[in-house]
Amino acid sequence: MQFNLNINNQSYSVDVDPKTPLLWVIRDTIGLTGTKFGCGVAQCGACTVHLDGLPIRSCSLPVSAVKSMKITTVEGLSKDRTHAVQKAWIAEQVPQCGYCQSGQIMSAVALLSKNPNPTDEEIDSAMQGNICRCGTYIRIKKAIKRASLELSGKNTK
Amino acid sequence: MTINRRNFLKNTALTGSALGLGFYFAGKETVLAKVGQVKELELNPYILIDTAGKITLMNPRPDMGQGTYQSMAMLLAEELEVDINEVHILMTDGKQKYGSQLSGGSSSVRVHWEPLRKAGATARTLLIRAAAQTWQVSEEECYASNAKVYHKPSAKSLAYSELVEKAEKLEIPKEVKIKDKKDFKIVGKAMPRQDIPMKVDGSAIFGMDVKVPGMLYASIERPNAIIGKIASLDDSAAKAVNGVKQVVKSSRFVFMQQAETVAVIATNYYAALQGRKALKVTWDCGEHAKFSSQAYFDKMKAIASQEGIKHEEKGNFAEAFKTSAQTLTADYETPFLAHASMETECCVVSMATDPQAPIQCEIWAPVQGADWLLGDLQRALQIPPDKVKIHVTFLGGAFGRKAFYDFIVEAALLSKQMQAPIKLIWTREDDITQGPFRPAMLSRMSGGIDKNGNITAFEHKIVGGSIQNQWGGLQKDKADEWAMEAVSPEKDSPYAIPNYKISYAHAETKVPLLWWRSVYSSTNAFGHESFVDELAHLGKKDPMNYRIELFKDAPRFEAVLKLLAEKSKWNEKLPKNKARGVAIARSFESICAHVVEVEKTKDGIKINKVTSVIDCGMYVNPDTVRGQTEGNIVMGLTAAIKDGITFENGVVQQRNFDTYRVLRLQETPEIEVHIIENNEHPGGVGEPGLPPIAPALTNAVFALTGKRIRKLPFALDEV
Ligand code: FES
Ligand code: FES
């Protein structure tokens, strides 16, 4: 079946089985491989993308459910790694293997765009769906706080 | 609509031309700087400098997150005198000229500490020589800096790119001088990693991300008890799934064992998965279908009561045990574990359809050791190494799993059968249920103290399966050397205990076993360091200060614990609802110790903080040392308090991250890592932080509750 998708403000037309999880359409059909497969059952968060700004697990959402909602993937955050969250991730040297990090970043961006000044508890609850097997959590937390300072105007350098 | 990266990748596959990272191959225009033909180092061209000024450093150690992408280049750049941010880094392809290319055993820095610096220094020496000859001045008046050679008196300079053609023709110097630690400009500094920017915008290419023209997708159904044969197969529904091209019987090689498998090949991955779900297949797994992990532990307990094979002994344990004032014997159990790296096993393999083609097998994959993979392909498919081309991608985690290449061979077999490139992706369920696994182990600990509470006798009997023996390496009357990690009284655990014995008993199992981050150190340290704690408490001694006392003849161990006691404020009293525990282990030539602080809450025990000290000798990037230690703590805590792998009727009972849980952000304690400064030879970094974390935690739990945890995993809310 034919679907028109809006991903990172570009439109794509794809012909796939309507039950295909959005993840595989983004990765294999369209070729944006920043979004990762980790579990396939909404347990790990590696496949997190935004639908109209809200974080969802694309491994568990059939492409037919997307309709006209806008999809944002990690590739759509900025052209040059200058989104506040990306900058914070680099400054705190968060990634190890890096495989989970697109998902982590997308969850963090969704949190901060709603709530630029999250408490520790709010960070915990926004990030609990994202696994990092390399164990970079303490740096993720630091990076979210750093990005929060920039986004809420209390700038660091 | 442009899809840049995919097209890029496609081009790469076709032409072998440059892709920023991962697979870039030096074009013909590249002039090789002849480096390090120093035979005894088994080194060869690690440094490419082209006449246009591009400098490329070859990285022989695949990056699975541990930072070799950066650390190997730092070693080369330090001596080559180039800016680390200006060089290109490429992965080596497994060819012999690069020597050992396995990321494993926390070995990259400690093995390459000198060879790669010598390779850099050799190239620098040649470039300086070429400049001196050009200017007709003495080499002593010249120096290298920032990819240029300067003539000190005249301030003339020439770029490396202008010198490389001349340098390439010069005789390789036999001896080169490498720098002293005090002169390092790059090594030892917290340099931002160059792979990190690529990992925040999705541009880093992992095995999972590779796409080549004409590629088909595969998903494979394997025996539920891992090793077995197809009893019955009805693939009609699978073949009817839209997009499914073919269903084929195939094989998986697991060490000396072989499993029959059923592969579904499709034009897209979703179709392959749907086809696989529609398969009706039953298995005959014979003996394998009888395996139960509980029964295996019972067997290990029985074996532990036998004498065992002595591996190392100081004094006379048996005699001292008999005459001790008080004695204690306890068993410690650690489960099978799956590696569960975030990127599951995956690869693209393209077998040539033309038997005359110079490359018979081309592979794009996240592998820990491309050189080892060459050997596996030769054994399984009779492809000579010189007819294989391997492109090593970034690894989305590995932890030992991607040093076993069953999944590559699976894809190669399918590619041959289908006459098309195959992309194979294991599901998470495949990854968790099919192994190989960390061996389940039992430590039988026996010890005695004298009337002053001093430990006089100590025995650690290691019981379990043998990774080595899967290739048939075990001798009947000898301990499995590989399994003796982290416990040697002489090297790894030099407590001043007069009668101290390490022994071994093999407990055969057909469960496929593999190195899992820190390997037997992770299983051995649990019993070892818990039991030191038990004996300290039995003798009414403080577990930290008593250990420090016992390390009076082991200054590096003593220094680690002294710093740890200070940083963790060990000697400051905590309120009643909190307690601390300590443990230390030496593995992969580094010493690491942790103090864990726990607290009683209404929902069970909470881990508040881990304070850690590591002595890894000289290091390349301190930020990587910290990051790896943080990661080891998180992975070790997961192993301690989440889920083990258990078997019933040969079938693994855990399937995905809901039943094989991983520590999450909100459960992660505060972590503080301190690095000891010294001039010792570098030790490993990727693993040594893991072994001491479980016993430090359970020792803290004992201090808090009086309950001794002797079996992992355990639940914090059930203590
Ligand atoms: S792949 Fe979607 S949550 Fe794991
Ligand atoms: S960085 Fe490797 S899984 Fe998170």
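Attention in this report is confined to the structure presented alongside it. It should be emphasised that the depicted structure is a prediction, and the values quoted were computed from it without experimental measurement.

What follows covers the nonpolar core. A general feature of soluble globular proteins is that nonpolar side chains tend to end up buried together. Core analysis: the largest hydrophobic core is formed by 258 residues, its most contacted members being Trp89 of chain A together with Phe336, Ile363, Ile408 and Leu697 of chain B. By residue number, the principal contributor to this core is helix α4 (residues 115-135) of chain B, which donates ten residues. When residues no more than four places from it in sequence are discounted, the contact partners of Phe336 of chain B are Phe291, Ser293, Tyr296, Phe437, Arg438, Pro439, Ala440, Val511, Leu513, Gly644, Ile645 and Phe647 of chain B.

Okay, the sheet that holds strand β5 (residues 148-151) of chain B next. All names here are of chain B. Taken in spatial order, the three strands line up as β4-β5-β6 in an open sheet, and their pairing is antiparallel. Edge positions in the sheet fall to β4 (142-145) and β6 (156-159), since each of these pairs with one other strand and no more. Along the sheet, successive strands turn relative to each other by an average axial angle of 25°, direction set aside. Looking at chain direction, β4 and β5 are connected through four bridges and run antiparallel. Across the sheet, the residue bridging to Tyr143 is Tyr150, located in β5. Sheet contacts for helix α5 (residues 160-168): β4, β5 and β6; angle to β6, the most-contacted strand, approximately 75°.

As a further point, take the packing of aromatic side chains. All names here are of chain B. Following the criterion strictly, the structure yields 25 aromatic pairs over all chains and no others. Ring plane angle 25° and centroid distance 5.8 Å describe the contact between Trp471 and Trp515, whose orientation is recorded as stacked. Pair noted here: Trp471 is in the loop between β19 (455-464) and β20 (499-506) and Trp515 is in the loop between β20 and α13 (519-538), with a separation of 44 residues, a long-range link. On the basis of relative accessible area, Trp515 is assigned to the buried category, the value being 18%. The positively charged end of Arg708 is found above the aromatic ring belonging to Phe702, 4.2 Å away from the centroid. For Lys711, the ring lying beneath its charged end belongs to Phe297, and the centroid distance is 4.9 Å.

Rules of the game
Residues numbered from 1 in each chain as written. Chains lettered and ligands numbered in written order. Predicted model: local features only at pLDDT ≥ 70, side-chain atom pairs only at ≥ 80, totals over all residues. Heavy atoms only, no water. Core = buried A, V, L, I, M, F, W, Y, C linked by side-chain atoms within 4.5 Å. Buried < 20%, exposed > 50% of the residue type's maximum accessible area, 1.4 Å probe, protein only. Helix = DSSP H or I, 4+ residues; strand = E, 2+ residues; numbered from the N terminus. Contact = heavy atoms within 4.5 Å. Pairing = 2+ DSSP bridges. Axes fitted to C-alpha atoms, helices over the stretch in contact; angles between N-to-C directions. Phe/Tyr/Trp six-rings, centres within 6.5 Å; stacked < 30°, edge-to-face > 60°. Lys NZ or Arg CZ within 6 Å of the ring centre and 35° of its normal.

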